Amino acid sequence: MIFIDLSGLFHLSLYRLEKAGVDLSPHSLECSLAQSIFWFKKKYQEEYGHVVICCDSKSNWRREVFPYYKQRRRDKRDTDEKDWNSIFDMFSMVKAHFKQNLQETVLEVDDLEGDDLIALGCKLINRRPHLIISSDKDMTQLTALPGVKMWHVLHQDFAQFDEKAFMLQLLKGDRSDGVPSILCEDNHFVDENAPIRRLTKKYTDAVSFPSEAEIRRVFSDQPDLDKIVEHFNRNLLLIDLDKIPSKYIEIFKKEFMEAYRAQKNNNSDAYYTQLGINME
């Protein structure tokens with residue numbers, strides 16, 4: 001299957017439309033996203049099969065366990081000159097049109113991000129190979145699975161899992177998602193007075209694999225060792241796609257089949273033609 005991260009394509013479409021001087025409207029956004037989906041379908045469907053368009057839900061289980069998750073992004077949008085409420089309304093309208101018209105499965109599940117849907121799909125759907133279309137570095141984890149590849153839409157190349165880079169991400173956190181270093185408190189990125197504690201190579205080079213025991217061994221000289229271990233487990237939960245709560249497995253299976261059945265008789269070609277997409 002081909003799993004497309006729609007959120008990544010959405011932000012890429014916004015950038016491309018702005019760069020091309022095209023006024024943003026529901027129609028221009030719909031055409032841009034549909035063109036991308038059609039292109040990936042045409043290029044890869046013969047090898048990888050059915051297309052699944054994976055969407056972020058408005059709710060997110062990670063924010064339930066970590067309220068600061070992606071908080072900086074929300075704060076930045078609040079001060080941005082763009083009317084993000086209107087933009088997201090357009091995006092919701094486009095997703096509704098996709099569900100009504102595309103034969104490709106459009107999947108959106110309460111509390112799950114598109115990343116979660118792609119991860120669960122790659123792990124639970126045994127009919128492989130699978131191809132991930134995304135620009136999210138978190139998705140490279142899944143290429144460690146047999147029969148799973150990822151096309152990085154920004155780099156325009158296939159991406160591979162880098163175990164060392166993944167380990168560094170667990171230790172140093174992910175600033176773009178608001179996940180701090182294991183040396184820092186939960187609110188590090190939203191507290192202007194938060195102390196800066198830098199992880200040195202003495203520690204990062206010494207960690208061989210992601211486990212609590214390994215963290216205790218490497219950071220044994222730190223006075224706040226228990227807190228560091230707690231923060232490591234926090235980062236592991238937020239970043240490692242193996243840590244998606246198990247209760248979502250059956251939910252994913254049910255929602256996937258419902259979305260597939262609801263859309264399987266749609267006529268994608270007629271929809272693409274109606275939007276003026278070149279089908280050659």
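The structure under discussion appears in the preceding block.
Residues numbered from 1 in each chain as written. Predicted model: local features only at pLDDT ≥ 70, side-chain atom pairs only at ≥ 80, totals over all residues. Heavy atoms only, no water.

A. Structural context of the pairing of strand E5 (residues 148-152). Most of E5 sits out of view: four of its five residues are buried. Summarising the sheet, strand E4 (residues 130-134) and E5 pair through five bridges and their orientation is parallel. What sits directly across from His-130, in E5, is Val-148. Hairpin connection, E5 to strand E6 (residues 157-159): the antiparallel pair is bridged by four residues, and Gln-156 has positive phi, about 55°. (Buried < 20%, exposed > 50% of the residue type's maximum accessible area, 1.4 Å probe, protein only. Helix = DSSP H or I, 4+ residues; strand = E, 2+ residues; numbered from the N terminus. Pairing = 2+ DSSP bridges.)

B. Expanded view of the pattern of salt bridges. One pass over the structure, following the stated rule, counts 21 salt bridges. In this structure, the salt-bridge partner of Lys-70 is Glu-113, at a minimum N-O distance of 2.6 Å. Remark: Glu-113 occurs in the loop between strand E3 (105-107) and helix H6 (114-124) and Lys-70 occurs in the loop between helix H3 (61-65) and helix H4 (71-79); sequence separation between them is 43 residues. What makes Glu-113 buried here is its relative accessible area of 4%. Counted as one network, the salt bridges with shared partners bring together Arg-62, Lys-70, Glu-113 and Asp-116. (Salt bridge = Lys/Arg side-chain N within 4 Å of Asp/Glu carboxyl O.)

C. Looking closely at empty space enclosed by the protein. Considering all chains together, one arrives at one cavity of 30 Å³ or more under this definition. Of the volumes computed, that of the largest cavity is approximately 70 Å³. Along the walls of the largest cavity sit Arg-62, Tyr-69, Glu-113, Asp-115, Asp-138, Asp-177, Val-179, Leu-238, Ile-239 and Leu-241, which together make up its complete lining. Tallied by class, the residues present in the lining of the largest cavity amount to five nonpolar, no polar and five charged. (1 Å grid on protein atoms, 1.4 Å probe; cavity = no way out; pocket = protein on both sides within 12 Å on 5 of 7 lines; lining within 4 Å. Points joined across faces, edges and corners; volume = space filled by probe spheres on them. Nonpolar A, V, L, I, M, F, W, Y, C, P; charged D, E, K, R; others polar.)

D. Spatial organisation of the side chain of Glu-30. If you trace the backbone, Glu-30 turns up in helix H2 (residues 26-48). Salt bridges are absent for the buried Glu-30, whose nearest opposite-charge side chain, Lys-99, sits at 13 Å. If we ignore the near neighbours within four places in the chain, the residues touching Glu-30 are Val-94, His-97, Phe-98, Tyr-271 and Leu-275. (Lys, Arg positive; Asp, Glu negative; His and termini not counted. Contact = heavy atoms within 4.5 Å.)

E. Region of the structure containing the layout of surface pockets. Looking at the largest pocket, its volume works out to about 1400 Å³. In terms of lining, the largest pocket is formed by 38 residues, of which the most central are Ser-7, His-11, Arg-73, Arg-77 and Phe-88. Mapped onto the lining of the largest pocket, the elements with two or more residues apiece are helix H1 (6-19), H4 and helix H5 (84-101). Looking at which element gives the most residues to the lining of the largest pocket, the answer is H5, with six residues. Among the residues forming the lining of the largest pocket, the class breakdown is seven nonpolar, nine polar and 22 charged.

F. Spotlight on H5. Here H5 contains 18 residues, and its C-alpha end-to-end distance of 26 Å stays within 8% of the 26 Å for a straight helix at 1.5 Å per residue. Listed in full, the buried residues belonging to H5 are Trp-84, Ile-87, Met-90, Phe-91, Val-94, Lys-95 and Phe-98. Considered in projection along H5, the buried side chains sweep an arc of 140° and stay on one side of the axis. Exposed side of H5, more than 90 degrees from the buried face: Asn-85, Asp-89 and Gln-100 are the residues found there. Tucked into the core, H5 has its buried residues touching H1, H2, H4, E3, helix H11 (247-263) and helix H12 (268-274). (Expected span 1.5 Å × (residues − 1). Arc of directions from axis to C-beta.)

G. Quick look at the side chain of Ser-7. Residue placement: Ser-7 occurs in helix H1. Those residues in contact with Ser-7 that sit more than four places away from it in its chain are Cys-54 and Asp-56.

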